[in-house]
Amino acid sequence: MGGRRTNLALLFLLALAFLTGWLAFAFFGWPSRLVLVVHALAGIGLLLLVPWKSLIARRALSRRRRPRVWWASLLLGLGLAISLAFGFLHSAGRWYVGGDLTAMEFHVGAAICILPFAVWHVLARPLRVRRAEVAALLTRRSFLRLGAFGAAAAGALLVLPQARRSPSGSYELGSFAPAEMPGTQWMFDSVPVVSGDAAVLSVGGRRVGYGELARFSDTVRCQLDCTGGWYATQDWEGVWLSRLLGPAPAWARSILVRSVTGYSRRFPVESLPALLLAVRAGSLPLDPAHGFPARLVAPGRRGFWWVKWVSSVELDALPDWWQPPFPLQ
Ligand code: HEM
Ligand code: HEM
Ligand SMILES: Nc1nc2c(c(=O)[nH]1)N[C@H]1C(S)=C(S)[C@@H](COP(=O)(O)O)O[C@H]1N2
Ligand SMILES: [Mo]
């Protein structure tokens, strides 16, 4: 394979791995698995190209006039290797690294770190694609080659160790034992001190005390699936948001749920009937790490939607997509 084609394939596979990784985080359950198969194939594809890329890199590095910041390209390779290693570790079952850290956090962390290096690497080495080269991709021979490449990646995926895990890739931890469930923040948030008796939430502009919330016992059994690589099923108990808010008025397009920490998520108004404001898990009050006094339970959505330490729930005229796809805090 020519050097230019190798680089183009690397670019395509890198972009595909990055995109499908985030898509898998956006989805819950089987849709997540579907994109993760593509994700894994893209990752293995990058590995399969190592022999060809080594030729390109060695040629460039052994020239008398070396590229000026050649070491940044090596860092890109190192970061990619680290990300790949933790991706495989996670899938093989070594998903817990130690402390609070999971293999998935290292996997995604390393991928984010190499992003600027990858962008620089490509921008600093302009790769003009000629029309003849695109035409050459549409030949029978290149389709056969692509097929062989895809088959090799699929074969590798089949022989790689794959531990039993949920469709999203998460491992079960602390189901029906909330105390054994990790207390996790998306990125930089920390557990606030909230006094139960004094806690007051604003719900649809109305002040609701914790005591009032605690009198309800609406229950839903569902899975909290953290993108950190674990999930837990609990019996969540509290009050359906639709009970507190009543039917949504016609102008309302989204439900904005805010935390005392400033963390927030916006839901389409159609999901109102599915949202529960929980005060207990497994009939015990939530502990501070899990959102005391009240946290949102959003069945069928990944953990980052389950806003903890809820301070307000408001109907809003803005559409639900008026927010970053993932929290920034
Ligand atoms: C997948 C991750 C990649 C790694 C680890 C990587 C690594 C390297 C290394 C170590 C070099 C030699 C040092 C240097 O020129 O800075 C290099 C050269 C180069 N890379 Fe990459 N690269 C990657 C992806 C890409 C992509 C996606 C493109 C373009 C679309 C690309 C295009 C080039 C070009 C044009 C050269 C110069 C070749 C020459 O001067 O002969 N690389 N790469
Ligand atoms: C440089 C970019 C990336 C590459 C090359 C890559 C590659 C891989 C590979 C090879 C695996 C192991 C697949 C297996 O053995 O089944 C994996 C797993 C995984 N990756 Fe990535 N990944 C990248 C970035 C990301 C990002 C940015 C995310 C999320 C935002 C992500 C999410 C995941 C998840 C959830 C798994 C677990 C899949 C499972 O359990 O089957 N990856 N990745
Ligand atoms: N306010 C706030 N709520 C939050 C988060 C956060 O960082 N801040 N993290 C979310 C994420 S990523 C997950 S997986 C769950 C974790 O809930 P747990 O700590 O009860 O396990 O809370 C969600 N709610
Ligand atoms: Mo999470």
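Just above, that's the structure.
Anyway, here's the lowdown on the structure attached to this text.

About the thresholds
- Residues numbered from 1 in each chain as written.
- Chains lettered and ligands numbered in written order.
- Predicted model: local features only at pLDDT ≥ 70, side-chain atom pairs only at ≥ 80, totals over all residues.
- Heavy atoms only, no water.
- Disulfide = S-S within 2.5 Å.
- Buried < 20%, exposed > 50% of the residue type's maximum accessible area, 1.4 Å probe, protein only.
- Donors = N, O, S within 2.8 Å, 3.2 Å for Na, K, Ca; no water.
- Tetrahedral: all angles 85-135°; square planar, octahedral: opposite > 155°, others 65-115°.
- Helix = DSSP H or I, 4+ residues; strand = E, 2+ residues; numbered from the N terminus.
- Near = heavy atom within 4 Å.
- Polar contact = N/O pair within 3.5 Å; in protein donor to acceptor, adjacent residues only side chain to side chain.
- Nonpolar A, V, L, I, M, F, W, Y, C, P; charged D, E, K, R; others polar.
- Axes fitted to C-alpha atoms, helices over the stretch in contact; angles between N-to-C directions.
- Parallel < 35°, antiparallel > 145°, perpendicular 65-115°, else oblique.
- Left-handed = near helix turned anticlockwise from the far one by under 90°.
- Contact = heavy atoms within 4.5 Å.
- Pairing = 2+ DSSP bridges.
- Expected span 1.5 Å × (residues − 1).
- Salt bridge = Lys/Arg side-chain N within 4 Å of Asp/Glu carboxyl O.
- Arc of directions from axis to C-beta.

**Details of the state of the cysteines**
Linking two cysteines covalently through their sulfur atoms gives a disulfide. A complete count under the given rule lists zero disulfides for this structure. Counting only cysteine sulfurs, Cys 226 is the nearest neighbor of Cys 222, a cysteine outside any disulfide, at a range of 15 Å. In this structure Cys 226 comes out as buried when scored by relative accessible area, which is 12%.

**Topic: the coordination of the iron atom of ligand 1**
Six octahedrally arranged donors around a metal ideally form angles of 90 or 180 degrees; four tetrahedrally arranged donors ideally form angles of 109.5 degrees. For the iron atom of ligand 1, the protein coordination sphere consists of Lys 53 (NZ) and His 121 (NE2), at 2.0 to 2.1 Å. One can describe the donor arrangement at the iron atom of ligand 1 as octahedral, given that its six donor atoms subtend angles of 86 to 179° at the metal. One end of the pair, Lys 53, is in helix H3 (residues 50–62); the other, His 121, is in helix H5 (residues 103–123), with 68 residues separating them in the sequence.

**Here's the deal with the site of ligand 1**
Taken together, 21 residues sit near ligand 1, with Lys 53, Arg 63, Ser 73, His 121 and Arg 125 positioned nearest. A distance of 2.8 Å is found between a nitrogen atom of ligand 1 and a side-chain nitrogen or oxygen belonging to Lys 53. Between Ser 73 and ligand 1, the recorded distance is 2.5 Å, taken from a side-chain N or O atom to an oxygen atom. No other element matches helix H4 (residues 70–92), which puts six residues into the shell around ligand 1. In the shell around ligand 1, the residues fall into 14 nonpolar, four polar and three charged.

**A short note on the packing of helix H2 (residues 30–48) against H4**
Remark: H2 packs on H4, axes separated minimally by 11 Å, with the N-to-C direction vectors making an angle of 130°. One finds that H2 runs oblique with respect to H4. The chirality of how H2 crosses H4 is left-handed. The segment H2 lies against H4, with Gly 43, Ile 44, Leu 46 and Leu 47 engaging Leu 80, Leu 84 and Phe 88. Class assignment for the residues of the contact of H2 with H4 results in six nonpolar, one polar and no charged.

**Brief notes about the sheet that holds strand S8 (residues 254–259)**
The strands making up a sheet associate through hydrogen bonds between their backbones, and the pairing can be parallel or antiparallel. In space, the five strands of this open sheet follow the order S5-S4-S13-S8-S9, with mixed pairing throughout. Every interior strand has two partners, whereas the edge strands, strand S5 (206–209) and strand S9 (264–268), have only one. The average undirected angle you get between the axes of adjacent strands in this sheet is 20°. Sheet analysis places S8 next to strand S13 (residues 310–316), joined by six bridges and oriented antiparallel. Looking at the pairing, Val 257 lines up with Val 313 of S13.

**Observations regarding the site of ligand 2**
Residues in contact with ligand 2 amount to 24 residues; listed here are only the nearest, Arg 33, His 39, His 107, Gln 162 and Arg 165. Contacts to ligand 2 include His 107, whose side-chain N or O atom sits 2.8 Å from a nitrogen atom. Residue composition of the shell around ligand 2, by class: 13 nonpolar, nine polar and two charged.

**Describing the pairing of strand S4 (residues 200–203)**
The alternating pattern of S4 places Leu 201 and Val 203 on a buried face and Val 200 and Ser 202 on a face that is not buried. Bridging between S4 and S5 involves four bridges; their strand directions are antiparallel. Opposite Leu 201, over in S5, you have Val 208 as the bridge partner. The hairpin turn running from S4 into S5, its antiparallel successor, is two residues long, and Gly 204 in that turn takes a positive phi close to 60°.

**Details of H5**
For H5, with 21 residues, the first-to-last C-alpha span of 30 Å sits near the 30 Å given by 1.5 Å per residue. For H5, the set of buried residues is Ala 103, Met 104, His 107, Val 108, Ala 110, Ala 111, Ile 114, Ala 118 and His 121. Summarising the contacts, the buried residues of H5 are in contact with helix H1 (3–26), H2, H3, H4, strand S1 (96–98) and strand S2 (101–102).

**Regarding the pattern of salt bridges**
Evaluated as defined, the whole model comprises six salt bridges. In this structure, Arg 280 and Glu 237 form a salt bridge, with 3.0 Å as the shortest nitrogen-oxygen distance. Of the two residues, Arg 280 sits in strand S10 (residues 276–281) while Glu 237 sits in strand S7 (residues 230–240), which places them 43 residues apart along the sequence. In this pair, the class of Arg 280 matches that of Glu 237, namely buried.

**Some details on helix H7 (residues 140–159)**
For H7, spanning 20 residues, the distance from its first C-alpha to its last is 29 Å, which sits close to the expected 28 Å at 1.5 Å a residue. Restricting attention to buried positions, one finds in H7 the residues Ser 142, Ala 153 and Leu 157. Looking straight down H7, one finds its buried side chains confined to an arc of 55°; they lie on one side. In H7, those exposed residues whose orientation departs by more than 90 degrees from the buried face are Arg 140, Arg 141, Leu 144, Leu 158 and Val 159. Buried-residue contacts for H7 involve H1, H2 and helix H6 (131–137).

Remember that the coordinates give geometry; whether it matters functionally is a separate question.
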